[in-house]
Amino acid sequence: MATTIAITNQKGGVGKTTTAINLAYYLAKLDKTTLLIDFDPQGNASSGLAIDKSTLESTMTEVITSKSSMDQIIISTKFKNLSIAPATPHLANAEAELAKVSGRFALLKKALDPIRDNYDFIIIDCPPALSLLTVNGLIASDYLIMPVQTEFYALEGVSQLLESMKLVKKAMNPSLELLGVLPTMVDSRTTLSNQVMDEISKYFNAKVFGTYIPRNIRLAEAPSHGVPVGAYDRFSKGARAYKNLAKEVIDRVSSK
């Protein structure tokens, strides 16, 4: 059965989607059959893998509204072992429609259950908000990875997300765990970046991944080419960092 990991932080611009795409890519490169679920109405994970959203008949919107099953919308990418369940901005409308639906918090879990045996890993790119979709992502997952940008307001809102995780764990998903905190956009040449890294380490201790994601122009360029950074420039600092993260994720999961 797949290990399911939600990638989330209620703060936007912290490298959440970049992490979802590149972690999924490198897990697939390490011979793990991997499904990336684009569960953010912005649909950036889909764009980042060159999915033409204008041609899609069914997406995560149809899954979450029970009009399609997961296996009907999953697309195989050009990368071995990597598939994607795409999303479009219509997902935001679906979230509003589901506000009063019975069982609305477990819709994604219900949709994933029939296909979990088909994959080693399922990576969920959640929206940058504590929304109905994010809660669905947490309830459907075994683990949470939280990217945290090394900037002045890095830890703002983190405690609220952790509190939400505890509530989900207590009420609906007792097996949910924080797999790790991932420092992103790290510029080790600056005092601020190093100070925030120290803060993150003090706050989360052993939960901080040994790998951190550096500021890297190749990471910023890759999505415009519709490929993960490893397919764009596999020798870049960003590519090497995400390859190391994938290995670390596998090690952490296998040690549980």
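Only a predicted model underlies this, so the values are computations on that prediction, with no experimental measurement involved.

Draft legend 1. Geometry of helix α7 (residues 132-140). Counted residue by residue, α7 has eight buried out of nine residues, so it is predominantly covered. Regarding α7, the residues found buried are L132, L133, T134, N136, G137, L138, I139 and A140.

Draft legend 2. Region of interest: helix α8 (residues 158-171). If you check α8, its first and last C-alpha atoms are 20 Å apart, about what 14 residues at 1.5 Å a residue would give, namely 20 Å. All of the buried residues along α8 are V158, L161, L162, S164, M165 and V168. What you see down the axis of α8 is that its buried residues fit within an arc of 155°, all on one side. What points out from α8, more than 90 degrees from its buried face, is the exposed set K166, L167, K170 and A171.

Draft legend 3. Summary view of the pattern of salt bridges. Scanning all chains against the criterion turns up 10 salt bridges. Its salt-bridge partner being D113, residue K109 comes within 3.4 Å of it at the nearest N-O pair. R189 is paired through a salt bridge with D187; the nearest N and O atoms lie 2.9 Å apart. The exposure class of R189 is exposed, given its relative accessible area of 75%.

What counts as what
- Along each chain, residue indices are assigned from 1 in the same order as the chain's sequence is written.
- With pLDDT at 70 or above as the cut-off, local features in this predicted model cover only qualifying residues; side-chain atom pairs require 80 or more to be listed or tallied, and sums for whole chains, interfaces and linings still use all residues.
- As a convention, hydrogens and water are excluded, and side-chain values are obtained from all of the structure's heavy atoms.
- Relative accessibility decides the category of a residue: with a 1.4 Å probe and only protein chains considered, values under 20% of the type maximum give buried, values over 50% give exposed, and everything between is partly exposed.
- Put simply, DSSP marks the helices as runs of H or I at least four residues long and the strands as runs of E at least two long, and each gets a number from the N terminus on.
- Expected helix span is computed as 1.5 Å times (number of residues minus one).
- Comment: arc refers to directions from the helix axis out to C-beta atoms.
- Here a salt bridge means any side-chain nitrogen of Lys or Arg lying within 4 Å of a carboxyl oxygen belonging to Asp or Glu.

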